[in-house]
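# Breakdown of the fold
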Amino acid sequence: MNLIALFRRRSSAPVARERLQVLLAHERALTGRSDLLATLQDEILAVIAKHFTVDRDKVQIKLDRGEKVSTLEIDVEVPSLTGLKVAARA
Amino acid sequence: MAKVVVVTSGKGGVGKTTSTAALGAALAQSGANVVVVDFDVGLRNLDLVMGAERRVVFDLINVVQGDAKLSQALIRDKRIDTLSLLPASQTRDKDALTPEGVQKVIADLREKFDWVICDSPAGIEKGAVMAMRHADIAIVVTNPEVSSVRDSDRIIGLLDAKTEKAENGGRIEKHLLLTRYDAGRAARGEMLKTEDVLEILSIPLLGIIPESEEVLRASNLGSPVTLLNPTSAPARAYIDAARRLRGELVEVVVPLERKGFMGRLFGRKVA
């Protein structure tokens, strides 16, 4: 182990502190709203369902928490293109 | 006016029971009438840490359900006569605790004692909520370690939502008790510092209890550390914390173990 690795190994507390600050900022915001993702999933599904039929299980929502920016990833699996046209026309 | 204190943490194994016993004994030593109440129904341990495990006849559940009188269930400490224990049941489960029953027991204890110190079970379920429900003051026991700090944050949220005080629009008094602290490791950046934990949890500090072999020795022998060895580092830290709880202004320092030359030579930890 070189000197830098030794130094890095020792200063784990600042990493712990930073991880906790980021995590708790989000957990506090979500307190009492633990169903936020489920709510989002329902509402997004309702909007999409106005235009074509999608399976509830085909809408995936992920939240990735960062210190400054969080990303909300919405993954909607739509029926094949022909199916979509039919659904969209209907 | 009696004070009801809950010693809580969310996470298990951080030192709730040890702290309940040590603070209870320290307060009783100063002349106050103190009862320590074990709320960990089904997994009681306060009796063992207090050295009263062979004297338990009736327990909290018996009193809550009206099968025994409060005076029958209370166990007077053999070392300090102003200290009593109300043990938890070992055979029942937490569902035996009814909100009305607990309220009645706490109200009766308020009449008899100056301090009612409730040792909460770990977790955030019914048992923990019952233990905190009627408290005036909460002591949040935290280790300088990520999972403990996170769980403490959660418990602080519950204290502000599920206690009687909070529901009536008041604010429950909350204090941080940092346990198993190693000042050397914190200084070397290997462990969260007191300031880090205070900044993250933003509740006032009641005390810092240094990591010490005396704590295990005390539980092995069935005595609160503040009674067994009052001059040891953890005992001095608990005694100071008890004084702060009474409202005294005591400067926070981390007491150090006084070790002789041989102790320093052979007492060094391997890890």
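Residues numbered from 1 in each chain as written. Chains lettered and ligands numbered in written order. Predicted model: local features only at pLDDT ≥ 70, side-chain atom pairs only at ≥ 80, totals over all residues. Heavy atoms only, no water.

## Describing the overall build of chain A
Counting secondary structure elements, chain A contains 4 helices and 2 strands. Counting helices and strands in the order they occur from the N terminus, chain A gives α-α-α-β-β-α. Look at the contacts in chain A between residues 6 or more apart in sequence, and 42% of them connect residues 24 or more apart. Accessible surface for chain A amounts to roughly 7100 Å². Of this, 56% is attributable to carbon and sulfur atoms. (Helix = DSSP H or I, 4+ residues; strand = E, 2+ residues; numbered from the N terminus. Contact = heavy atoms within 4.5 Å. Areas by Shrake-Rupley, 256 points an atom, 1.4 Å probe, with all protein chains shown as cover.)

## Digging into the overall build of chain B
Secondary structure assignment for chain B yields 14 helices and 8 strands. Scaling as 2.2 N^0.38, a compact globule of 271 residues should have a C-alpha radius of gyration of about 18 Å, and chain B matches this with 18 Å. Structurally, chain B occupies a C-alpha span of about 55 × 40 × 35 Å along its principal axes. Residue burial in chain B is summarised as follows: out of 271 residues, 54% are buried. Across chain B, contacts joining residues at least 24 apart in sequence account for 73% of those joining residues at least 6 apart. Carbon and sulfur atoms make up 50% of the accessible area of chain B, which totals about 12300 Å². With 37 positive and 36 negative side-chain charges, chain B shows a spacing of 3 Å between the two charge centroids. (Rg over C-alpha atoms; globule rule 2.2 N^0.38 Å. Buried < 20%, exposed > 50% of the residue type's maximum accessible area, 1.4 Å probe, protein only. Lys, Arg positive; Asp, Glu negative; His and termini not counted. Charge placed at Lys NZ, Arg CZ, Asp CG, Glu CD.)

## Thoughts on the packing of helix α1 (residues 16-29) of chain B against helix α13 (residues 233-245) of chain B
Residues and elements named next belong to chain B. Two elements in contact, α1 and α13, have axes whose closest approach is 9 Å; the angle formed by their N-to-C orientations is 65°. With respect to α13, the element α1 is oriented roughly perpendicular. Of the two possible hands of crossing, α1 and α13 adopt the one that is right-handed. Here T18, S19, A22, L23, A26 and L27 of α1 lie close against α13, whose contacting residues are Y238, I239, A241, A242 and L245. Here the residues of the contact of α1 with α13 are counted per class, giving 9 nonpolar, 2 polar and no charged. (Axes fitted to C-alpha atoms, helices over the stretch in contact; angles between N-to-C directions. Parallel < 35°, antiparallel > 145°, perpendicular 65-115°, else oblique. Left-handed = near helix turned anticlockwise from the far one by under 90°. Nonpolar A, V, L, I, M, F, W, Y, C, P; charged D, E, K, R; others polar.)

## Some thoughts on the interface of chain A and chain B
On the side of chain B, 13 residues touch chain A, which itself brings 13 residues to the contact. Here chain A meets chain B over a buried area of about 1200 Å², counting both sides, of which 54% is carbon and sulfur. Joining chain A to chain B, the criterion identifies 4 salt bridges. Here A:E27 makes a salt bridge to B:R150, at a shortest N to O gap of 2.4 Å. Tallying contributions element by element places helix α2 (residues 13-30) of chain A first for the side of chain A that touches chain B, with 10 residues. In terms of residue class, the side of chain A that touches chain B is made up of 6 nonpolar, 3 polar and 4 charged. (Buried area = accessible area lost by both parts, 1.4 Å probe. Salt bridge = Lys/Arg side-chain N within 4 Å of Asp/Glu carboxyl O.)

## Here's the deal with the packing of helix α7 (residues 146-162) of chain B against helix α10 (residues 194-201) of chain B
Axes are the key here: two packed helices are described by the angle between their axes and the distance separating the axes. All names here are of chain B. Orientation of α7 relative to α10, taken along the N-to-C sense of each, is 35°, at an axis distance of 10 Å. Crossing of α7 against α10: the hand is right-handed. Within the contact between the two elements, α7 uses V149, S152, D153 and I156 and α10 uses V197, I200 and L201.

## Details of the pairing of strand β4 (residues 83-86) of chain B
Residues and elements named next belong to chain B. Burial of β4 is two-sided: the residues L83 and L85 facing one way and the residues S84 and L86 facing the other way are all buried. Bridge count between strand β2 (residues 34-38) and β4: 4 bridges; the pairing is parallel. Its bridge partner being in β4, V34 is matched across the sheet by L83. The hairpin formed by strand β3 (residues 75-76) and β4 contains 6 residues between the paired strands. (Pairing = 2+ DSSP bridges.)

## Some details on helix α11 (residues 213-221) of chain B
Its side-chain oxygen at 3.0 Å from the backbone nitrogen of B:E214, B:S212 defines the N-terminal cap of α11(B). A positive phi of about 70° marks B:G222, the residue just after α11(B). (Polar contact = N/O pair within 3.5 Å; in protein donor to acceptor, adjacent residues only side chain to side chain.)

## Thoughts on the confidence of the model for chain B
Residue and element names in this part refer to chain B. Mean pLDDT for chain B: 93, with 94% of residues reaching 70 or above. In the model, residues 267-271 has pLDDT below 50 throughout and makes 5 contacts with residues more than four positions away in sequence or in other chains. Interface confidence for the predicted complex, expressed as ipTM, amounts to 0.80; the pTM equals 0.80. (pLDDT = per-residue confidence, 0-100.)

## Re the side chain of B:T179
Tracing the chain through its elements places B:T179 in strand β7 (residues 173-181). Residues within four places of B:T179 in sequence aside, it is in contact with B:V14, B:S19, B:V141, B:T142, B:N143, B:P144, B:I209 and B:Y238.

## What about unusual backbone geometry?
Residues and elements named next belong to chain B. Notably, R180 is not glycine yet its phi reads approximately 55°, a positive angle. Tracing the backbone shows R180 in strand β7. Unusually for a residue other than glycine, S202 sits at a positive phi of about 40°. Take S202: it is sitting in the loop between α10 and β8 (205-210).

## Focus on the sheet that holds β8(B)
Residues and elements named next belong to chain B. On the basis of which strands lie adjacent, the open sheet formed by 8 strands has the order β3-β4-β2-β5-β1-β6-β7-β8 and mixed pairing. Taken across any chain shown, the strands that pair with only one partner, and hence form the sheet edges, are β3 and β8. Where β2 and strand β5 (residues 115-119) come together, 5 bridges link them in parallel fashion. Bridge pairing links D38 to D119 in β5.

## Let's talk about α7(B)
The end-to-end C-alpha distance of α7(B) is 24 Å, a good match for the 24 Å that 17 residues give at a rise of 1.5 Å each. Where α7(B) is concerned, the buried positions are B:S148, B:V149, B:S152, B:D153, B:I155, B:I156, B:L158 and B:L159. (Expected span 1.5 Å × (residues − 1).)

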